Amino acid sequence: MRRVVVTGLGLVTPLGGDVETSWKNILASKSGAATITRFDATDFQSNYACEVKPADHEYGFDAGRRVDHKIQRQVDPFIVFGIDAAGQAIEDAGLTDMTEEERYRAGCSIGSGIGGLPGIESESLVLEHKGPKRVSPHFVHGRLINLISGQVSIKYGLMGPNHAVVTACSTGAHSIGDAARMIAMDDADVMLAGGAESAICPIGIAGFGQARALSTGFRDDPTKGSRPYDADRDGFVMGEGAGVVVLEEYERAKARGAKIYAEVIGYGLSGDAYHVTAPHPEGSGAFRSMEMAMKKSGLSLSDIDYVNAHGTSTPLGDELELGAVRRLFGDAIGTMSMSSTKSAIGHLLGGAGAVESIFCILAMRDQIVPPTLNLDNPSENCAGVDLVPHTAKERKVKAVLNNSFGFGGTNASLVMKAL
Amino acid sequence: MSETADRVRKIVVEHLGVEADKVTEDASFIDDLGADSLDIVELVMAFEEEFGVEIPDDAAEKITTVKDAITYIDEHQG
């Protein structure tokens, strides 16, 4: 099988419009959570979220940087985030000037969990109040999940595989795993892979609120709302943004002298086959997903230095994941660190697995692991695990495991190592 | 430039993201201003909203330049 490496990174998060700003703020233990500004959420189940900040904010996102004004008007924000993150990644990799021949072998696998929910909501209201002749002609292709891959392929002329994963909160991890396999299987030499989400809109908050998934008890200080593994956690805080990596066949990357961040060495997938929203009570799907990724990687568990957990801050999910990690790692759990960056940027749903994979890669680059914020009072099952409370921690990081689990009982795990 | 022309130009600038000075009366939406057929559907909708006129599909098909839009609106308004 051909080897696959990461040669470019791109991020849009609630803590920054690019990779370095987001990472710097993550390591500084900042939180992206605040009262929702996009609409008045006072009467909603929760009124706080981790929004991507406007361009004039200290760590805001300037949509005009890589996305035409016209396209911004036509598409939902998740597509804008995705196009920008993909642009950052391909620029970082130095692949904006590929030949036509190369571009036939370069593709996209950028998905989303939900897609254009804000636009579906607002155009439904246009239909209701003004009738069918006032619905935007760009309504459909401005909301479809595969339209990040579509837009990015057009912008950069990428004529290889054009794919988009939709597996709820596992989307970002599945996207990277699937794309890595396409390269390994010789379907492509270069893939832009990742995920994006922007569902902080009335119907999104109401829907997740009714599913009893959101944190609701921290209106007075939203930065305390996302608190994975803490005894007082009460649900996830919705985030938004995008993460995209450039995956490249190893020999090709080496031959052109590319900066190589990491190698993707393991990918695991499983289904809980249990319940639409609740995780399996023994965490069996999570366990098998991690086990498969580890087996493929050829590493032993004691080689893993850092686990970026799914850790959404829901009462059930965090401990089931931790239990599965504990069973899999055995004694090796004592030598690794595990944290949830959702404590800082919230849950990016379909973007989460990709954004968190990038944090894993940066942890290897800088030999530092990001913190789990708000872990004031770890729940009882956390003993003996370094969950990196409150502050980032310098340590050896040579190999990482990233977990993502989604509604529908879909699980994905990625193992990467530094070269 | 008439009041209609001013308002048409404003809508075109906003929807197509082009510089105002490119939106001359002779400018073709597709050839000069980078619009595609769906952008024109959207522009026609915006004209209908702004001016309270109805522009049926067969008339919309004949609107290819800024001037065509202004003329149609002036002839059918109020």
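What you are looking at is a predicted structure, and each value in this text was computed from that prediction instead of being measured.

(A) Focus on helix α5 (residues 117-130) of chain A. Residues and elements named next belong to chain A. Compared with an ideal rise of 1.5 Å per residue, which puts 14 residues at 20 Å, α5 spans 20 Å between its outermost C-alpha atoms and is within 8% of the ideal. Among all positions of α5, only Leu117, Pro118, Gly119, Glu121 and Glu123 are buried. Where the residues of α5 are buried, they touch α8 (202-210). Once α5 finishes, Gly131 follows within two positions and takes phi at roughly 95 degrees, a positive value.

(B) Structural detail: the packing of helix α7 (residues 171-184) of chain A against helix α13 (residues 352-366) of chain A. Residue and element names in this part refer to chain A. Close contact between α7 and α13 brings their axes to 4 Å; oriented N to C, the two are set at 70 degrees. Judged by the angle between their axes, α7 and α13 are roughly perpendicular. When α7 is examined against α13, the residues Gly172, Ala173 and Ile176 are found in contact with a partner set consisting of Gly353, Ala354 and Ser357. Looking at side-chain class alone, the contact of α7 with α13 contains three nonpolar, three polar and no charged residues.

(C) Up close: the UniProt feature "modified residue: O-(pantetheine 4'-phosphoryl)serine" (unreviewed entry) in chain B. All names here are of chain B. This chain's UniProt record puts "modified residue: O-(pantetheine 4'-phosphoryl)serine" (unreviewed entry) on Ser37. Following the sequence through the fold, Ser37 ends up in helix α2 (residues 37-51). For Ser37, a relative accessible area of 53% gives the class exposed.

(D) Seen up close, unusual backbone geometry. Residues and elements named next belong to chain A. Residues other than glycine seldom take positive phi values, yet Val388 does so here, at roughly 50 degrees. Inspection of the secondary structure puts Val388 in the loop between β11 (368-369) and β12 (393-394). Its identity is not glycine, yet His390 carries a phi of approximately 70 degrees, on the positive side. Of note, His390 is situated in the loop between β11 and β12.

(E) Fine view of the domain arrangement of chain A. All names here are of chain A. With domains assigned, chain A is organised as domain 1 (4-256) and domain 2 (268-417). Taking the mean C-alpha position of each, domain 1 and domain 2 sit 21 Å from one another. Domain 1 puts 62 residues into the contact, and the matching count from domain 2 is 61 residues. At the junction of domain 1 and domain 2, the tally comes to four salt bridges. Residue Glu20 pairs with Arg365 through a salt bridge whose shortest N-O separation is 2.9 Å.

(F) Examining the interface of chain A and chain B more closely. With twelve residues of chain A in contact, the opposing surface of chain B contributes 15 residues. Summed over both partners, the interface of chain A with chain B buries about 1200 Å², with 45% contributed by carbon and sulfur atoms. Looking only at chain A, the three residues that lose the most surface to chain B are Lys70, Arg73 and Arg134 of chain A, adding up to 49% of its buried area. On inspection of chain A and its partner chain B, the count reaches seven salt bridges. In this structure, Glu14 of chain B and Arg73 of chain A form a salt bridge, with 3.4 Å as the shortest nitrogen-oxygen distance. Taken together, the connections running from chain A to chain B amount to eleven residue pairs in polar contact (both at pLDDT 80 or more). Among the elements that take part in the side of chain A that touches chain B, helix α2 (residues 69-74) of chain A stands out by supplying four residues, more than any other. When the residues that make up the side of chain A that touches chain B are grouped by side-chain class, the tally is two nonpolar, five polar and five charged.

Quick notes on the rules
- Every chain begins its residue count from 1, and numbering advances along the sequence as written.
- Chain letters and ligand numbers both follow the written order, the letters beginning at A and the numbers at 1.
- For a predicted model such as this one, the threshold for reporting local features is a pLDDT of at least 70, and the threshold for listing and counting side-chain atom pairs is 80 or more; totals across whole chains, interfaces and linings nevertheless cover every residue.
- Note that water and hydrogens are dropped before the side-chain values are worked out from all heavy atoms of the structure.
- Helix numbers and strand numbers start at the N terminus; a helix is a DSSP run of H or I with at least 4 residues, a strand a run of E with at least 2.
- Helix span is expected to be 1.5 Å times the residue number reduced by one.
- Relative accessible area decides the class of each residue, using a 1.4 Å probe on protein chains only: under 20% of the type maximum gives buried, over 50% gives exposed, and in between gives partly exposed.
- Residues are treated as being in contact if the distance between any of their heavy atoms lies within 4.5 Å.
- Fitted lines through C-alpha atoms serve as axes, helices being fitted only where they are in contact, and the angles separating the N-to-C directions of these axes extend from 0 to 180 degrees.
- When describing relative orientation, an angle under 35 degrees is termed roughly parallel and one over 145 degrees roughly antiparallel, while 65 to 115 degrees is termed roughly perpendicular and anything else oblique.
- Note on residue categories: nonpolar means Ala, Val, Leu, Ile, Met, Phe, Trp, Tyr, Cys or Pro, charged means Asp, Glu, Lys or Arg, and polar means any other residue, Gly included.
- UniProt positions are given in the numbering used here, feature names are shortened, and annotations may be inferred rather than shown by experiment.
- For each domain, the first and last residues come from an automatic or database assignment.
- The salt bridge definition used is simple: a Lys or Arg side-chain nitrogen within 4 Å of an Asp or Glu carboxyl oxygen.
- The term buried area refers to how much accessible surface (probe radius 1.4 Å) is lost by two components on association, counted for both of them together.
- As used in this structure description, the phrase polar contact means that two N or O atoms lie within 3.5 Å; if the pair is within protein, one of them must be able to donate a hydrogen and the other to accept it, and residues adjacent in sequence are counted only when both atoms belong to side chains.

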